[in-house]
Amino acid sequence: MNSCGKIAVLGGGSWATAIAKILLDKVPNINWYLRREDRIADFKRMHHNPAYLTGVHFDVNRINFSSDINATVENSDTIIIVTPSPYVKDHLKKLHADLKDKFVVSAIKGVVPDEDLTVTAYLNKVYGVPEENLAVIGGPSHAEEIALERLTYLTIGCADLQKAEVFANTLRNNYLMASASTDVLGIEYGAVLKNIYAIAAGIYKGLRYGDNFQAILMSNATQEMTKFLQVVSPVERQVIHSAYLGDLLVTGYSRFSRNREFGSMLGKGYSMKSAQIEMQMIAEGYYGAKCIHEINKTLNVEIPIADAVYQVLYENEAPAMAMEQLTKQFR
């Protein structure tokens, strides 16, 4: 693969909008699938996404919008899937176009609920996309900061390193650095875990634990992530790399972190339902906690932070009690 060819973005949220912005700073045009025709009409009229990152303006003449996912996929060579993980199965149910010969990139930092599979594993199993044609975008990358063109570093994971490098080069610009890696599973599972740890960080924040303790939490979360990744995907990796530790830190500390905000609400006493309603956005860690819990039934890795978050989210454990018990295990 010497180039990405025609590139399609599937999804209309903030991260999809940020990725579209990155692409259009480098390529002449893109195909963009949005589910709703009224959203497409508003986008064309206002020259920005009417619902997300509204400050980012686009030359809509360079975007081939469509509400037909099959037409978008058929007319593209590289497909970037950017939908919240809980909805990826429903979105793809409409897809009948063949993905096997496409280069498919997951920009989803979550697992597929009820399948307990990473997105690339799901695409390989259900849609027959070969591993060498599957990639993942990792690294600390809040869409809001990309919208402001603040310097960001991404990592592109693909079993075929040359394809990862070609795609990384397509993304690089004056505010976006991108490197290539073959650690697809490590990047994907690391992204799931960091969302769970960010919920823990938020709960502790809501419970008024201080910055000193947050540093201890992140240190222990790094150790926990290292153990889990080594069991689920035993390859040589440096977890201190930005694709793992960097993503963990930004999600655990940033004011843009949905997972941290969700956890903070729980720590302050919000019920699960009221926190989810007030968020009005998906906190991927909520779903990731359950998936990691199910996956770990087989792996049996010691992951006390992820376990504590699961207990709060799914076993009605009081946040204050669960988090206090967890502190006794930290070093």
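Keep in mind that this is a model prediction, so the values were computed, not measured.

A. Region of the structure containing the overall build of the protein. Secondary structure assignment for the protein yields 15 helices and 10 strands. Over its C-alpha trace the protein gives a radius of gyration of 19 Å, about what one expects of a compact globule, namely 20 Å for 331 residues. Considered along the principal axes of its C-alpha atoms, the protein spans approximately 55 × 40 × 35 Å. Taking all 331 residues of the protein together, the buried fraction comes to 56%.

B. Region of interest: the packing of helix α14 (residues 304-314) against helix α15 (residues 319-327). The N-to-C vectors of α14 and α15 enclose an angle of 170 degrees; their axes lie 9 Å apart at closest approach. When the interaxial angle is binned, α14 and α15 end up roughly antiparallel. With respect to the hand of their crossing, α14 and α15 are arranged in right-handed fashion. Taken together, the residues of α15 that come into contact with α14 (itself represented by Pro304, Ile305, Ala308, Val309 and Val312) are Pro319, Ala322, Met323 and Leu326.

C. Molecular detail of the environment of Ser67. Position of Ser67 relative to the elements: it lies in the loop between β3 (63-66) and α3 (69-74). Under the relative-accessibility criterion, Ser67 is labelled partly exposed at 27%. Each C-alpha atom, one on Ser67 and one on Ala322, is 45 Å from the other, the two residues being 255 residues apart in sequence. If we skip the residues at most four places from it in the chain, Ser67 touches Tyr33, Leu34, Arg35, Glu37 and Ile40. Here the side chain of Ser67 touches Glu37 through a polar contact of 2.6 Å, side chain to side chain.

D. Up close: the pattern of salt bridges. Summed over the entire model, instances satisfying the criterion amount to 12 salt bridges. Residues Asp183 and Arg237 are paired through a salt bridge, measuring 2.7 Å at the closest nitrogen-oxygen approach. Here Asp183 is found in the loop between β10 (176-181) and α8 (184-206), whereas its partner Arg237 is found in the loop between α9 (211-232) and α10 (242-253), with 54 residues between them in sequence. Of the two residues, Asp183 and Arg237, both sit in the buried class. One salt bridge connects Glu294 with Lys297, and the closest N-O pair in it is separated by 3.2 Å. You can see Glu294 and its partner Lys297 sitting in helix α13 (residues 284-299), three residues apart, about one turn around the helix. Sharing partners across several salt bridges, the network here consists of Lys21, Asp25 and Glu149.

E. Spatial organisation of helix α7 (residues 161-171). Taken together, the buried positions of α7 are occupied by Lys163, Ala164, Val166, Phe167, Ala168, Thr170 and Leu171. Where α7 begins, the capping side chain belongs to Asp160, and its oxygen is found 3.0 Å from the backbone nitrogen of Gln162.

F. Summary view of the side chain of Thr78. With respect to the helices and strands, Thr78 occurs in strand β4 (residues 78-81). In this view, Thr78 contacts Cys4, Lys6, Ile7, Ala8, Phe103, Val105 and Phe167; residues no more than four positions away in its chain are not counted.

G. Representation of the packing of aromatic side chains. Scanning the model with the defined rule gives 16 aromatic pairs in all. Their ring planes at 70 degrees and their centres at 4.8 Å tell us that Tyr204 and Tyr209 sit as a pair that is edge-to-face. By relative accessible area, which is 0% here, Tyr204 ends up buried. The partly exposed category is assigned to Tyr209, whose relative accessible area is 31%. A network of ring pairs unites the aromatic residues Phe262, Tyr286, Tyr287, Tyr310 and Tyr314 as a single cluster.

Reading the values: rules and limits
Per chain, residues are indexed from 1 in the order of the written sequence. Where local features are concerned, this predicted model is filtered to residues with pLDDT of at least 70; where side-chain atom pairs are given and counted, the filter is 80 or more; whole-chain, interface and lining totals use all residues. The basis for every side-chain value is the complete set of non-hydrogen atoms in the structure, without hydrogens or water. Strands here mean DSSP runs of E at least two residues long; helices mean DSSP runs of H or I at least four residues long; both are numbered from the N terminus. Based on C-alpha atoms, the radius of gyration is set beside the globule rule, defined as 2.2 Å times the residue count to the power 0.38. Type-normalised accessible area, obtained with a 1.4 Å probe on protein chains alone, sets the label of each residue: buried when under 20%, exposed when over 50%, and partly exposed for intermediate values. To obtain each axis, a line is fitted to C-alpha atoms, and for helices this fit is confined to the stretch in contact; angles are then taken between N-to-C directions over 0 to 180 degrees. Any angle between 65 and 115 degrees counts as roughly perpendicular, while under 35 counts as roughly parallel, over 145 as roughly antiparallel, and the rest as oblique. Handedness of a helix crossing follows the sense of rotation of the near helix relative to the far helix, less than a right angle counterclockwise being left-handed and clockwise being right-handed. When checking whether two residues touch, look at their non-hydrogen atoms; a contact exists if any pair is within 4.5 Å. Here a polar contact means two N or O atoms within 3.5 Å. Within protein one must be a hydrogen donor candidate and the other an acceptor candidate, and residues neighboring in sequence count only if both atoms are side-chain atoms. Each reported salt bridge corresponds to a side-chain nitrogen of Lys or Arg within 4 Å of a carboxyl oxygen of Asp or Glu. Any pair of Phe, Tyr and Trp rings, taking the six-membered ring for Trp, is counted once the centres come within 6.5 Å. Such a pair is stacked with planes under 30 degrees apart, edge-to-face with planes over 60 apart, and tilted for the rest.

By themselves, these are just geometric observations and shouldn't be taken as functional.
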